Amino acid sequence: MLKNFLKIGWRQLRKNRFYSTISISGLALSMACCLLMLLYLENEWSYDQHNKDADRIYRLVFENYLGQGKFATTPLPVGPAIKEDLPEVAGMTRIAQGLKTLTRFENNRFFETLTFVDTDLAEVFTLDFLQSDPQTALNEPNSLLISESYAKKYFGDTDPIGKTLEIGTSGALNSTVTGVFEDLPENATVQFNLALPFSTFEKVYGPADLWQQMPGNYTYIRLADQSSLTALNEKLPAFTESHMADQMEDWRQNYQLSVQPLLNIHLHSDYGRESSNGNVKTLYLLAMIAFLVLIIAVINYVNYSTARFSQRAREVSIRKVVGAGRKSLVIQFIGEALLTTTLAGIVAVMLAQGVLPGFNLISGKTFSPADLYQPWFFAAALGTVLLVGLAAGAFPAFFLSGFHPMDAIKGKFREMSMAGFSRKGLVVAQFTASVTLVVATMIVWRQMDFVRSQIRPESSEQVAVFQVNGKLSEQFSTLQQELMQIAGVEAVAGGSNIATFTGDSWPVTRQANGPRVQTENYAIQGDFVSTMGYELIAGRNLDPNLQSDIDGAYILNETAVKSLGFASPQAALEEQLLFGGDELKKGTIVGVIRDFHFASFHEKVEPALLQFAPYDWMRSQFVAVRFQPERVTQLREAVSEIVNSLAPNWHAELHYLDENFMQLHEKDVQQGRIFGAFALLAIFISCLGLIGLVTFAAERRAKEIGIRKVLGASVASIFKLLSSDFLRLVFIAFLIAVPISWYAMNNWLEGFTYRIDISAGVYIWAGIGALGIALFAMSWQSLKAALANPVESLRSE
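To start, this report covers the structure provided alongside it. (Residues numbered from 1 in each chain as written. Predicted model: local features only at pLDDT ≥ 70, side-chain atom pairs only at ≥ 80, totals over all residues. Heavy atoms only, no water.)

1. Topic: the pairing of strand β2 (residues 89-105)
Part 1 of the argument: β2 sits mainly inside the fold: twelve of its 17 residues count as buried.
Part 2 of the argument: In the sheet, β2 pairs with strand β10 (residues 217-223) via seven bridges, with the strands oriented antiparallel. Bridged to Met92 within β10 is Ile221.
Part 3 of the argument: Here β2 runs beside strand β3 (residues 108-117); their pairing, made up of eight bridges, is antiparallel. The partner of Gln97 across the bridge, within β3, is Thr115.
Part 4 of the argument: Joining the antiparallel neighbours β2 and β3 is a turn of two residues, in which Glu106 adopts a positive phi near 55°.
Part 5 of the argument: Sheet analysis places β2 next to strand β6 (residues 164-167), joined by two bridges and oriented antiparallel. If you follow Arg104 over to β6, its bridge partner there is Glu166. (Buried < 20%, exposed > 50% of the residue type's maximum accessible area, 1.4 Å probe, protein only. Helix = DSSP H or I, 4+ residues; strand = E, 2+ residues; numbered from the N terminus. Pairing = 2+ DSSP bridges.)

2. Here we look at the pattern of salt bridges
Pairs can form between side chains of opposite charge once their charged atoms are near each other.
Part 1 of the argument: Inspection of every chain in the model, using the stated rule, returns twelve salt bridges.
Part 2 of the argument: Glu88 is the salt-bridge partner of Lys235, the closest N and O atoms lying 2.8 Å from each other. Of this pair, Lys235 sits in helix α7 (residues 228-244) while Glu88 sits in the loop between α3 (78-85) and β2; the two residues are 147 residues apart in sequence, bridging distant segments of the chain.
Part 3 of the argument: Between Arg222 and Glu123 there is a salt bridge; the shortest N-O distance is 3.4 Å. Pair noted here: Arg222 is in strand β10 and Glu123 is in helix α4 (residues 121-124), with a separation of 99 residues, a long-range link.
Part 4 of the argument: Owing to a relative accessible area of 28%, Glu123 belongs among the partly exposed residues under this scheme. (Salt bridge = Lys/Arg side-chain N within 4 Å of Asp/Glu carboxyl O.)

3. Re the environment of Glu148
Part 1 of the argument: For Glu148, the position within the fold is in helix α5 (residues 148-155).
Part 2 of the argument: Each C-alpha atom, one on Glu148 and one on Pro160, is 9.8 Å from the other, the two residues being twelve residues apart in sequence.
Part 3 of the argument: Apart from the residues within four sequence positions on either side, Glu148 is in contact with Leu130, Val180, Phe181, Glu182 and Asp183. (Contact = heavy atoms within 4.5 Å.)

4. Considerations on a nonpolar patch on the surface
Part 1 of the argument: A cluster of nonpolar side chains, Ile346, Val347 and Met350, forms an exposed patch at the surface whose accessible area comes to about 270 Å².
Part 2 of the argument: Inspection of the secondary structure assignment puts Ile346 in helix α12 (residues 326-354). (Patch = residues over 30% accessible without salt bridge, like charges linked within 9 Å, V, L, I, M, F, W, Y side chains within 5 Å. Areas by Shrake-Rupley, 256 points an atom, 1.4 Å probe, with all protein chains shown as cover.)

5. Quick look at unusual backbone geometry
Part 1 of the argument: Of note, the phi angle at Glu106 is positive, near 55°, even though the residue is not glycine.
Part 2 of the argument: Looking at where Glu106 falls in the secondary structure, it is placed in the loop between β2 and β3.
Part 3 of the argument: The class of Glu106 is exposed, set by a relative accessible area of 65%.
Part 4 of the argument: One non-glycine residue, Ser132, adopts positive backbone phi at about 85°.
Part 5 of the argument: Of note, Ser132 is situated in the loop between β4 (129-131) and β5 (143-147).
Part 6 of the argument: Overall, Ser132 belongs to the partly exposed group, its relative accessible area being 39%.

6. A look at the pairing of strand β11 (residues 255-261)
Part 1 of the argument: In terms of burial, β11 is a largely internal element, five of the seven residues being buried.
Part 2 of the argument: Of the pairings in the sheet, the one linking strand β1 (residues 57-65) to β11 comprises seven bridges and is antiparallel in character. Bridge pairing links Asn64 to Gln256 in β11.

7. Brief notes about the packing of aromatic side chains
To describe a pair of aromatic rings, you give the distance between the ring centres and the angle between the ring planes.
Part 1 of the argument: Evaluation of the coordinates by the stated rule reveals 21 aromatic pairs.
Part 2 of the argument: Residues Trp45 and Tyr284 carry aromatic rings whose centres are separated by 6.1 Å and whose planes lie at 45° to one another, so their mutual orientation is tilted. Of the two residues, Trp45 is situated in helix α2 (residues 17-45) and Tyr284 in helix α10 (residues 280-307); the sequence distance between them amounts to 239 residues.
Part 3 of the argument: According to the relative accessible area criterion, Trp45 is partly exposed, its value standing at 37%.
Part 4 of the argument: A ring pair is formed by Phe111 and Trp650, whose centres lie 5.2 Å apart and whose planes are at 85°; its orientation type is edge-to-face. Within this pair, whereas Phe111 is found in strand β3, its partner Trp650 is found in the loop between α24 (632-646) and β22 (655-656), the two being separated by 539 residues in sequence. Of the two residues, Phe111 and Trp650, both sit in the buried class.
Part 5 of the argument: What links up through ring pairs into an aromatic cluster is the set Phe105, Phe110, Tyr154 and Phe155. (Phe/Tyr/Trp six-rings, centres within 6.5 Å; stacked < 30°, edge-to-face > 60°.)

8. A short note on α24
Part 1 of the argument: The end-to-end C-alpha distance of α24 is 21 Å, a good match for the 21 Å that 15 residues give at a rise of 1.5 Å each.
Part 2 of the argument: The inward-facing, buried residues of α24 abut β12 (463-467), α18 (470-474), α19 (476-484), β13 (489-495) and β21 (622-627). (Expected span 1.5 Å × (residues − 1).)

9. Quick notes on α5
Part 1 of the argument: Taken together, the buried positions of α5 are occupied by Tyr150, Ala151, Tyr154 and Phe155. The arc that holds every buried residue of α5, seen down its axis, measures 105°, which confines them to one face.
Part 2 of the argument: As for α5, its buried residues are in contact with β2, β3, β5, β6, β7 (175-181) and β8 (194-197).
Part 3 of the argument: Just beyond α5, the residue with positive phi is Gly156, at close to 65°. (Arc of directions from axis to C-beta.)

What follows is the structure, encoded as structure tokens:
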């Protein structure tokens, strides 16, 4: 019986090649899309699960810090203290990633991000060591762990153990390779390639014992067992009090430590000062999109099957008359659907492999063909084929097997109204999904355009930044003078901190025992405000010619003014502030600038403070150059030449602020590309369905069209006859898609602190686009039928 069903199914595919090709193409494209999306979702949902005992690893976070909200970073002393005080903590490591530093071995020179870690690193995170003992590799200062790919990058095929990397230009950070580990997986929250122990950090920068400084440091712990979590949470308030009560009178309200599961960080974290994470809402949205694309293809198959109902009615009737039961007919039609989806599934797997490089490009992942050969992937492919086959075959099977055979045999059969109604409903569903995807894509890209516009393109597109070492910082005046001689350069300034490179946060207060506000600190040289294009809204700029400004003057942003309790920017002028941790520096507020973004638009603007360097060691680490954009090539060459002349062991790596800001939103841009690709695919598959249905309608009404033409009907009227019903369905789909897409995308935009409002223009353009595309898709077959010679269609009469 099975063999007979397969033969019948194959004959039907061959007999209706045009519709079979459309069905298989649509199903193959949609299943390939779903399989790639499953690969993407599996990667996102499996973040950090490579770690042994991942469910016992937590990150220390602040639920409240100085009344300013939630933060993922912690002061450096917190980690060692919690490891010493609380027995529930079996392992602890800090992950402090500093600025990029020039790193050399012989002729290989690169700017690298250094990561400082504790010796317990391997007790918390799972590292697969290729060489050395993870327990002792970081015991000595100036030891260095290096990833496998970086070992090849610097040392080629030679053994890296015992070799020294020159880091920076002072020699203080030069470190000897004591261990090599396998590259961390892409779906690991903590990423690093060069790891130095905190003993090196303290040797170079001094003791890491400031409880009130918030650098870019993350603290991770591994609990002795899962039951320790309750005891740890109960002890955290007492732990905080023992270390902070003497420094902060209202520590209970302003310094609340907590723990966050490692497995929740990537998709469920909303803490400030953390690297770009995923968003579980976006994943649900992407999963829904992939499902919608699949549903659109299934709808095509169902529509073709029910549209050809009258053609197969006599076949089904004869089978019933000769004894075929309804069960066998249902099995036959579902079998035909499974045969179609199996062929489409084979094509889908090949398509997925073929377009994998392109998918990597739009998704930002690095999947390889080997990822498609995992058992779970083949199980998913088989499950998709079976699910789609059953879904696509069920309705036609029960529909076609349920009518009375004598009506069809006597020629009295007329297509049931339910079939036509169902087809119309399915077309509406198709285009509802397609329009929703188009609207989603347009909103994602409008949000990204909003981000670009808010970066202040009049200045940021003209600001280049490069990192400097201590020697260049000491020679800032000379460096500034030489850079100003470059044609097209308008301003030059230095800073310990630059937007998009944030990570130096210090507390300020209006009085010694008053509430403290954590501010992003910018210790500057030169006219930093004008160079960066920031807008002064009250007071004046810092003046390097005034000793009083050098000794103690501050500029605040609007958020800092509000956080410190001033009624207005003007009210803050000439007021006194105390800056710092244990050693407080007194200064006067001389100006207020409009809030500027220095982190992702997912995060709110935090308080910021500008001042001339308050301490000798707080030097400029960056130089910002404002220039005319058409001079970018000359600028790069001239800056490189000047830097090499002043510091031969250093080189300038230029970054452009607009590009840096967009890198902070890389995941959003990638997801926008995915939305766009899926929207195009959905529209394409929907149009395949329209082409098939219009073709079938033209074939079924060929004689009617012929008679109308003989009686004088115009080409335009025939075109309208065939397309008007379908265009009406597309319009209905648009009306349904409006509230659905508004709800979904408004929910997505809630992830941004600074966002656009969804305008009516998005829907107008999406509606015009959907109607236009549908009209274009139908035009070929409609015009072909309208222009056909009526003699051909009427000849059989």
